[in-house]
Amino acid sequence: MQKPKGTYDVYGELGRKTICILNLARTLMDKYNYEYFRTPIFEPSELFHRGVGETTDIVTKETYDFVDRGKRNMTLRPEGTAGIVRSYLENKFYASPVQPVKAWYYGPMYRYEQPQAGRFREFYQFGVEVFGSFDPAIDAEVISIPVNLYKMLGLKNIKVRINSLGDTETRLKYREVLMNYFRPHLNELCDDCKARFEKNPLRILDCKVDHNLEIMKNAPKILDYLSENSRKHFNEVLEILDTMEIEYVVDPEIVRGLDYYTDTVFEVTAESSKLGSQNTLCAGGRYNNLVKTIGGVDTPGVGFALGMERLISVLETEGINLNTDQHLDIYVIPMDENYKKNAISLTQLLRLNGFSADTDYMNKNLKSNFKQADRFNSEFIIIIGENEIKNNELTVKNNKTREEFKVKIDEIISFLDERIEEHEESICE
Ligand code: HAM
């Protein structure tokens with residue numbers, strides 16, 4: 001049996017890196033005062049049709065759809081925003097006294113794409129969504145989250161690219177401009193783009209097939225058609241980014257592959273990556289009409305999502321070590337099988353007092369157990385045998401300095417407390 005195409009298993013070093021990044025992201029979200037949300041991996045297909053957009057590649061070509069046993073059309077989520085919006089509405093967060101509502105999430109997403117470096121069929125996103133505020137400062141806050149996370153991880157060569165897709169007024173005007181521009185060139189466009197021409201001409205600019213055509217390069221830019229409100233909003237976002245000392249480039253080519261965006265859109269790219277066209281580390285923007293489209297409540301939103309796989313890949317390219325070496329505070333060794341229960345109860349006590357601890361479950365001899373402690377990079381080793389029980393004291397070895405101590409059993413916690421600095425707080429009451 002093999003894993004499905006475009007998926008991968010996580011274990012060992014990759015597992016430790018994933019947890020390390022996730023811990024960092026979680027801590028960062030505490031600092032930004034965002035709340036954790038989790039929504040189902042599958043939702044009724046209609047949510048994504050309405051949310052992500054009927055004419056997007058994601059909905060037309062890439063969803064994993066299935067009919068459940070109750071004959072309902074379901075889809076594995078291709079992205080996180082639509083589900084969070086559904087949850088925001090269903091749980092009536094728009095009526096919460098705390099506004100704006102700031103949510104963060106992490107989980108697997110599913111797209112039936114052609115797998116390649118940095119592109120998977122099951123991939124993990126960490127993202128945020130903020131509801132209820134039109135303030136350009138919140139756009140800037142959202143952009144600052146991945147920038148700060150990448151900075152904390154030590155990534156150097158990243159670039160924030162930002163654009164505006166304008167409001168409804170802008171879009172109506174721009175739609176006409178685009179249609180007038182592309183009409184004489186319809187024959188040069190691929191079949192998908194011919195269909196997009198009537199339904200959603202903006203999508204033509206995002207076409208992977210026609211991307212290199214000369215007419216694409218010369219197409220009118222939406223930035224030249226922004227309404228007064230949208231221009232003002234965009235300029236304020238840029239000013240706040242300047243105040244926050246976040247560098248960016250205005251990139252009029254950014255259109256985004258999802259239909260819900262209005263006004264600000266942005267991407268962060270890794271300039272050093274070996275991922276080629278998959279070098280977009282994260283992307284997001286504002287969506288002032290999406291909540292209304294999904295559930296009738298007229299609330300603005302803004303958010304972003306970053307791909308975990310691409311982030312890990314770029315960290316590797318840049319040679320950034322996440323300090324994910326294995327580490328254990330204490331490895332407990334029973335002298336023989338007779339002392340197994342003593343070892344287990346001591347291990348339990350250590351764990352409840354906030355230390356990382358493990359013991360032998362393979363009935364190994366002393367020499368193999370010492371080797372095992374080294375493999376786990378254990379700081380201390382505690383040995384329990386006949387003498388230890390008789391004298392009510394444990395043999396404790398510092399596995400780095402090789403120093404040996406005799407410690408009374410009821411003093412072991414305070415002994416270790418003094419010597420192991422960075423252990424968790426006790427989880428005992
Ligand atoms: P997206 O641009 O489709 O946006 O995806 C965001 C990020 O997810 C990408 O920049 C990339 O790092 C990662 N990603 C996307 N597809 C794949 C794939 N097939 N394999 C590996 N990584 C991938 C969204 O999903 C929006 N929901 C972002 C958003 C949140 N906008 C507002 N709020």
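These figures come from a predicted structure and were not determined experimentally.

## Description of the pairing of strand E12 (residues 328-334)
With seven of seven residues buried, E12 is to be regarded as a mostly interior element. Judged from the six bridges that link them, E12 and strand E14 (residues 378-384) form a sheet pairing that is parallel. Looking at E14, one finds that Leu 328 is bridged to Ser 378. Of the strand pairs in this sheet, E12 and strand E13 (residues 357-359) are connected by three bridges, and their pairing is parallel. Directly across from Val 332, in E13, lies its bridge partner Thr 359. Taking the sense of rotation as the criterion, the β-α-β connection linking E12, helix H12 (residues 340-352) and E13 turns out right-handed.

## So, the domain arrangement of the protein
According to the domain assignment, the protein consists of domain 1 (12-158 + 261-317) and domain 2 (328-419). With centres defined by C-alpha atoms, the gap from domain 1 to domain 2 works out at 45 Å.

## Considerations on the packing of H12 against helix H15 (residues 412-419)
H15 packs onto H12 with a crossing angle of 50 degrees between their chain directions and a minimal axis gap of 11 Å. Judged by the inter-axis angle, H12 sits oblique to H15. Crossing of H12 against H15: the hand is right-handed. On H15, the residues that touch Leu 346, Leu 349 and Leu 350 of H12 are Ile 412, Ile 413 and Leu 416. Its residues assigned to classes, the contact of H12 with H15 comprises six nonpolar, no polar and no charged.

Rules used throughout
Positions within a chain are numbered from 1, following the residues in the order the chain's sequence is written. Local features in this predicted model are restricted to residues of pLDDT 70 or higher, and side-chain atom pairs are both shown and tallied only at a pLDDT of 80 or more, whereas totals for entire chains, interfaces and linings draw on every residue. The basis for every side-chain value is the complete set of non-hydrogen atoms in the structure, without hydrogens or water. Relative accessibility decides the category of a residue: with a 1.4 Å probe and only protein chains considered, values under 20% of the type maximum give buried, values over 50% give exposed, and everything between is partly exposed. Per the convention used, a helix needs a DSSP run of H or I reaching at least four residues, while a strand needs a run of E reaching at least two, with both numbered from the N terminus. If DSSP finds at least two bridges between two strands, the strands pair. Crossovers are described as right-handed under a simple rule: with the strands pointing away from the observer, the path leading from the first strand over the helix to the second runs clockwise. Marked domain ranges trace back to an automatic or database domain assignment. Orientation is described by axes fitted as lines to C-alpha atoms, over the contacting stretch for helices, and by angles from 0 to 180 degrees between their N-to-C directions. With respect to orientation, any angle under 35 degrees is reported as roughly parallel, any angle over 145 as roughly antiparallel, any angle of 65 to 115 as roughly perpendicular, and every other angle as oblique. Put simply, a crossing is left-handed when the front helix is turned counterclockwise from the back one by less than a right angle, and right-handed when it is turned clockwise. Whether two residues are in contact is decided by their heavy atoms: any pair within 4.5 Å suffices. Charged means Asp, Glu, Lys or Arg here, nonpolar means Ala, Val, Leu, Ile, Met, Phe, Trp, Tyr, Cys or Pro, and polar covers whatever is left, Gly included.

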